[in-house]
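What follows is each chain in one-letter form.
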Amino acid sequence: AVKAGHPPHFVRCVHLGCQKFYDPSSPPTCVHHTAPPVFHETAKWWSCCPNKKAYDWEGFQTVPGCVTSVCTNVRESGSAKAGEFMGGVEL
């Protein structure tokens, strides 16, 4: 699905914490997380960055990624990125 305001050929990055829309012919640099989010009571954090907790949604969304790569719209098969944990982890 394409968000309003983006050209129809743009795709969304599937890396955890990125979600940028971009032109697939020239993917931008991507700063993202390597493991799914954790939601426990009021705390929220990325399981790859357990020391960067937030207690509200806005704070959680501003936690910077821990890995730099290139945006992609292709999910890795056989990993958490393939959607197995995309809803987060409940403790």
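Throughout what follows, the structure given in this document is the object of discussion. None of the values given here were measured: they were computed from a predicted structure.

A short note on the overall build of the protein
Scanning the protein from terminus to terminus reveals one helix and seven strands. Reading the secondary structure of the protein in the N-to-C direction produces β-β-β-β-β-α-β-β. Among the 91 residues that make up the protein, the fraction classed as buried is 29%. Sequence-distant contacts, at least 24 apart, represent 44% of the contacts inside the protein between residues at least 6 apart. Summed over its atoms, the accessible surface of the protein is roughly 5,700 Å², and 55% of this surface lies on carbon and sulfur atoms.

What about the environment of serine 26?
Here serine 26 lies in the loop between β2 (21-22) and β3 (29-32). For the pair serine 26 and cysteine 71, spaced 45 residues apart in sequence, the C-alpha to C-alpha distance is 9.3 Å.

Looking at the pairing of strand β4 (residues 37-40)
Where β4 and strand β5 (residues 43-46) come together, four bridges link them in antiparallel fashion. Bridge pairing in β5 links proline 37 to tryptophan 46. Joining the antiparallel neighbours β4 and β5 is a turn of two residues, in which glutamate 41 adopts a positive phi near 50 degrees.

Regarding the environment of threonine 29
With respect to the helices, strands and loops of the structure, threonine 29 is situated in strand β3. A relative accessible area of 49% means that threonine 29 is categorised as partly exposed. In this structure, threonine 29 is in contact with Lys20, Thr68, Ser69 and Cys71, ignoring residues within four places of it in sequence.

Criteria and cut-off values
- Sequence order as written defines residue numbering, which begins from 1 separately in each chain.
- In keeping with the model being predicted, local features are shown solely for residues with a pLDDT of at least 70 and side-chain atom pairs are shown and tallied solely at 80 or more, while totals for entire chains, interfaces and linings include all residues.
- By convention in this description, side-chain values take in all heavy atoms of the structure and omit both hydrogens and water.
- Going along the chain from the N terminus, every DSSP run of H or I of four or more residues is numbered as a helix, and every run of E of two or more is numbered as a strand.
- For every residue, the accessible area (1.4 Å probe, protein chains only) is compared with the maximum for its type, and the residue is labelled buried under 20%, exposed over 50%, or partly exposed between those bounds.
- Residue contacts are counted whenever heavy atoms from the two residues lie within 4.5 Å of one another.
- In these tables, accessible area is a Shrake-Rupley quantity obtained with a 1.4 Å probe, and a residue counts as shielded only by the protein chains included in the view.
- For two strands to pair, DSSP has to find at least two bridges joining them.

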